[in-house]
Amino acid sequence: MEFLSFSLLLLWLLQLVSAQMVTEPAEVTALNKIIEHWNLERKLNTTIDPCAPGLPWGPETANPRVGCDCNNNNCHITHLKIYALDILGELPKELFQLTKLMDLNLGQNVLNGTIPAEIVQLSDMQYLSLGINNFTGLVPPELGKLTKLKSLSFSSNNFVGPLPKELGNLASLQQLYIDSSGVSGPIPQELANLKSLQIIWASDNRFTGKIPEYLGTFTELKDLRLQGTLLEGPIPSSFGALTKLDNLRIGDLSGEDSTLDFLDNQTSLSILSLRNCRVTGQIPEQLGKFTNLILLDLSFNKLIGHIPISFQGFSSLQHLYLGNNNLDGELPANIINTNLIALDVSHNPLSGNLPSNFAKAGLSMNVIGTSINANSLADGNALEMLQCLQGNKKCSNKLPSSSFSIKCGGTKLTSASGIEFDDDSEKLVAASFYTSSDRQWAVSNTGNFISNPNGPQYIANTDSQITGTLESEMYKTARISASSLRYYGLGLKNGKYSIDLHFAEIAMEDSLSWKGLGRRIFDVYIQGERVLQDFNILKEAGGSKKALVKTFEANVTNTIMEVHFFWAGKGTCCIPYQGTYGPLVSAIHATQASDVSGSKRDKKRVGIIVGIAVGCAAGVVVISSVFYLWLTKKKNSPGHMRVFTDSPKANLVN
């Protein structure tokens, strides 16, 4: 009897063991090789069946995560997430032996090399994320054979060449993230087949040709971003069919002009940014009926006419940017609604008075470069000087200055050479300007960092030492902007000036982490002339937290100097966090290089100077020798890196 009971118990145990789920052995072997390849042994236990229930890496929130699908006592690895763990190296060949993978997330690491053609073996893949890495080479056409894909991301990498036309086979694709990926050339016509797309992020790529007309047939689109490319306008009229759009951001177009005629039925929009798109004509009245709109940016275009009266009913609008157009007339009396946070109408031939509620709490306004009576908003004398920006006004100054120096984003500072840099720590927000107490300069900011988890940030700072300079404190703070940052020298003597622009990248890293993969790119204009295009501080300085000085010359002819830092949609958007982009500057120093008015005084002193020179010839020889030795030593000592650059004039909308 006892033997029979023992036999039954043994049989029950054998049945229990045989009933346990077992992961496909080949997949276990492959997974262990992957874990070893990426040194993840401390995070994933290779001695346990990876699909056993109750393991810490099984839940959806786990990272790293191994998820499985078990059926008929057999388990397959279907989910693999190794996210933001700074794994290095190339993709191991064993990865492609996990042929049942449906969801692979390798985002925010430092993976390099190419994407092998063997990726075609992952034919069950639905969600593939390779974004924010260091992949190179061509985007493999084999991705087009993963026809079950619903989401594909390879943004923020260093690919080269065109998008493969084979991506047009991904008929089930709903999300495509390829911003800052490095791809170039025309957008393939074959992508017209992707009718299921709801999200396209494609900014900061070197796409060429016209914006594809077929994008207007993607009627499921909710989010489309095409900023900072080489694409040409016009914005297709077919976009009028995209009635489900919630977020539309197009920018920095060349070629033909665009109109806003397609904006008839996009009433679902909450964000509409058509910045620097060569948009012409008048602003449509019906825009004021877009009740979901919270941000409208039509700046840096060619818009004419009045601001629509319907804008008085924009109850949801929080940010309105209309600067740098040809809008005229007066501001609508009730344009400042309950929720409005920022209103920028700068650099337009607008006139009249401010709305009666311009002092509403929480509102910022920028009216620089207009004829609006804004004395109650800022220093009237300073605003009068700034009206010299308007080309038809001839200006003079009773007390002219020949220099200005600004410690951008920081407090007053005196350099080792004795230059006093003025305090510029005043809080600027999404649409604001500030004039210095001595009225020698002003600063203007436009734009907000959408979705920045740290909230509004317009000053960057660091406690780290800055290398490559003897003036480390000069670079520990900086002004940053999401769109347009302008500094103005006021009441200057006319003549030629030398301008030093001080930079140090203090918000982006150059570490071996994924956080070191960011790229800040912007343009700089002085007196309307583009002197720097696609400028990358970190790259040119040779690393983050390294000082860099760029020196230029410019002429002042009407008492005003304008130094304009402009984001043209390029660079990464989200490294090390969302909203990390746009121009950054640490300090500005401008001083007159020649003074025409001083030429007569110089002539009167010629005789005296010649006499002194003859009498002191021997002394000059000695002084020259000492100076030569000092200069030689200085060249070998650490200091600022100076770069002298000149480039032809270029307007933002050209």
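Everything quoted here is computed from the prediction, not taken from an experiment.

Engineer: What is the right way to read the overall build of the protein from this model?
Structural biologist: Scanning the protein from terminus to terminus reveals 7 helices and 44 strands. Per-residue burial over the protein gives 52% buried out of 654 residues. Here the analysis covers contacts within the protein between residues at least 6 apart in sequence; of these, 58% occur between residues at least 24 apart. Surface exposure of the protein reaches about 29300 Å², of which carbon and sulfur atoms provide 53%.

Engineer: Help me out: how do you make sense of the nonpolar core in this one?
Structural biologist: Nonpolar side chains in soluble globular proteins tend to end up buried together. Ranked by internal contacts, the top residues of the largest apolar core, which has 113 residues, are L128, I250, L274, L296 and F311. Sorting the residues of this core by element identifies α2 (25-37), β3 (74-81), β15 (223-226), β17 (247-251), β19 (271-275) and α3 (380-386) as the ones contributing at least two each. Excluding residues that lie within four positions of it along the chain, F311 makes contacts with I283, P284, L287, G288, L296, L320, L322 and I335. In this structure, A460, L548, A587 and I588 belong to the second largest nonpolar core, which totals 56 residues.

Engineer: In this structure, what is going on with the pairing of strand β8 (residues 134-138)? I would like to understand it.
Structural biologist: On a regular strand, each side chain points to the face opposite its neighbour's, so the side chains alternate between the two faces of the sheet. In the sheet, strand β6 (residues 110-113) pairs with β8 via 2 bridges, with the strands oriented parallel. Its bridge partner lying in β8, N112 is registered against N134. Inspection of the sheet shows β8 paired to strand β10 (residues 158-160) by 3 bridges, in the parallel sense. Of the residues in β10, the one forming a bridge with L138 is V160.

Engineer: I'm lost on the state of the cysteines in this one. Help?
Structural biologist: Here the structure, examined in full by the defined rule, presents 3 disulfides. Between the sulfur atoms of C51 and its disulfide partner C68 the distance amounts to 1.9 Å. A torsion of -80° about the S-S bond marks the disulfide between C51 and C68 as left-handed. Within this pair, whereas C51 is found in the loop between α2 and β2 (65-71), its partner C68 is found in strand β2, the two being separated by 17 residues in sequence. Classification of C68 by relative accessible area gives partly exposed; the value is 29%.

Engineer: When you look at the pattern of salt bridges in this model, what are you seeing that I'm missing?
Structural biologist: Opposite charge on two side chains permits pairing when their charged atoms draw close. On inspection of all chains with the given rule, the structure shows 15 salt bridges. Notably, a salt bridge pairs E256 with K210, separated by 3.0 Å at the nearest N-O pair. Placement of E256 in the loop between β18 (254-255) and β19 and of K210 in the loop between β14 (206-208) and β15 is noted, with a sequence separation of 46 residues between them. Under the relative-accessibility criterion, E256 is labelled partly exposed at 45%. The shortest N-O distance in the salt bridge between R225 and D223 comes to 3.0 Å. The same class applies to R225 and to D223, which are both buried.

Engineer: So what exactly am I meant to see when it comes to empty space enclosed by the protein here?
Structural biologist: Rolled over the atoms, a probe as big as a water molecule pinpoints where empty space is left. According to the stated counting rule, one finds 3 cavities of 30 Å³ or more in the structure shown. If you add up the space inside the largest cavity, you get close to 130 Å³. Lining the largest cavity are 15 residues, with L176, I187, L191, I200 and L215 positioned closest to its centre. Taken together, the residues that form the lining of the largest cavity break down as 15 nonpolar, no polar and no charged.

Engineer: Would you mind going over the sheet that holds strand β22 (residues 302-305) with me for this structure?
Structural biologist: To summarise the sheet geometry, strands pair through backbone hydrogen bonds and adopt either a parallel or an antiparallel arrangement. Judged by pairing direction, the sheet is parallel, and its 3 strands sit side by side in the order β20-β22-β24 without closing on themselves. The open sheet has two edge strands with one neighbour each: β20 (280-282) and β24 (326-327).

Engineer: Just checking my understanding: could you explain the environment of S437 for this structure?
Structural biologist: With respect to the helices and strands, S437 occurs in the loop between β32 (431-435) and β33 (441-446). Look at S437 and you get exposed, because its relative accessible area is 76%. Sequence-wise, S437 and D422 are 15 residues apart; in three dimensions their C-alpha atoms are separated by 9.7 Å.

Engineer: Any chance you could explain the pairing of strand β38 (residues 522-526) here in plain terms?
Structural biologist: Burial analysis of β38 places 5 of its 5 residues in the buried class, the great majority of the element. In β38, alternate side chains face the same way, and those of F522, V524 and I526 on one face and D523 and Y525 on the other are all buried. Hairpin connection between β38 and strand β39 (residues 529-535): a loop of 2 residues separates the two successive antiparallel strands, and Q527 in this loop has a positive phi of roughly 55°. Pairing of β38 with strand β41 (residues 561-566), which is carried by 4 bridges, proceeds in the antiparallel orientation. Its bridge partner lying in β41, V524 is registered against F565.

Engineer: Would you mind going over the packing of aromatic side chains with me for this structure?
Structural biologist: Given two aromatic rings, one states the distance between the centres and the angle between the planes to describe the pair. Summed over the entire model, instances satisfying the criterion amount to 16 aromatic pairs. Both rings, one in W567 and one in Y581, keep their centres 4.5 Å apart while their planes meet at 40°; by these two values the pair is tilted. Taken as a pair, W567 in the loop between β41 and β42 (584-585) and Y581 in the loop between β41 and β42 lie far apart in primary sequence, 14 residues in all. Note on accessibility: W567 and Y581 belong to one class, buried. Counting every residue linked through ring pairs, the aromatic cluster contains F449, Y458, W567 and Y581.

Engineer: How should the side chain of N325 be read in this particular structure?
Structural biologist: Here N325 shows up in the loop between β23 (319-321) and β24. Here N325 falls in the buried class, since its relative accessible area comes to 4%.

Engineer: What am I meant to see in the sheet that holds β41 here?
Structural biologist: Pairing is antiparallel across the open sheet formed by 6 strands, whose spatial order is β32-β33-β36-β41-β38-β39. Looking at the sheet topology across the chains shown, the edges are occupied by β32 and β39. Sheet twist, expressed as the mean angle between neighbouring strand axes with direction ignored, is 10°. As paired strands, β38 and β39 are joined by 4 bridges and run antiparallel to one another. Among the inter-strand pairings, I526 is bridged to a residue of β39, identified as E529.

Engineer: Is there a simple way to explain unusual backbone geometry in this structure?
Structural biologist: Glycine aside, the phi torsion of most residues is negative, and most peptide linkages are trans. Here the bond from N63 into P64 is cis, since omega is 0°, no more than 30 degrees from zero. Assignment of secondary structure puts P64 in the loop between α2 and β2. Residue P234 is bonded to the preceding G233 through a cis peptide linkage, with omega at 10°. Inspection of the secondary structure puts P234 in the loop between β16 (232-233) and β17. Positive phi values are uncommon outside glycine, yet D534 reaches one of about 55°. With a relative accessible area of 31%, D534 lands in the partly exposed category.

Engineer: Help me understand the environment of G543, please; the structure alone is not making it clear to me.
Structural biologist: Summarising the element assignment, G543 is placed in the loop between α4 (537-541) and β40 (548-556). As for G543 and D510, which are separated by 33 residues in sequence, their C-alpha atoms are 5.9 Å apart. Residues contacting G543, with those up to four places away along its chain left out, are D510 and L538.

Engineer: So what exactly am I meant to see when it comes to the confidence of the model for the protein here?
Structural biologist: Low-pLDDT stretches of the model should not have their predicted coordinates read in fine detail. Residue-level pLDDT values for the protein average 87, and 86% of them are 70 or greater. Every residue in residues 1-19 scores below 50 in pLDDT, and together they form 2 contacts with partners more than four places removed in sequence or on other chains. Taken as a whole, residues 595-654 scores under 50 in pLDDT and shows 53 contacts with residues more than four places along the chain or in a different chain.

What counts and what doesn't
Residues numbered from 1 in each chain as written. Predicted model: local features only at pLDDT ≥ 70, side-chain atom pairs only at ≥ 80, totals over all residues. Heavy atoms only, no water. Helix = DSSP H or I, 4+ residues; strand = E, 2+ residues; numbered from the N terminus. Buried < 20%, exposed > 50% of the residue type's maximum accessible area, 1.4 Å probe, protein only. Contact = heavy atoms within 4.5 Å. Areas by Shrake-Rupley, 256 points an atom, 1.4 Å probe, with all protein chains shown as cover. Core = buried A, V, L, I, M, F, W, Y, C linked by side-chain atoms within 4.5 Å. Pairing = 2+ DSSP bridges. Disulfide = S-S within 2.5 Å. Salt bridge = Lys/Arg side-chain N within 4 Å of Asp/Glu carboxyl O. 1 Å grid on protein atoms, 1.4 Å probe; cavity = no way out; pocket = protein on both sides within 12 Å on 5 of 7 lines; lining within 4 Å. Points joined across faces, edges and corners; volume = space filled by probe spheres on them. Nonpolar A, V, L, I, M, F, W, Y, C, P; charged D, E, K, R; others polar. Phe/Tyr/Trp six-rings, centres within 6.5 Å; stacked < 30°, edge-to-face > 60°. Axes fitted to C-alpha atoms, helices over the stretch in contact; angles between N-to-C directions. pLDDT = per-residue confidence, 0-100.

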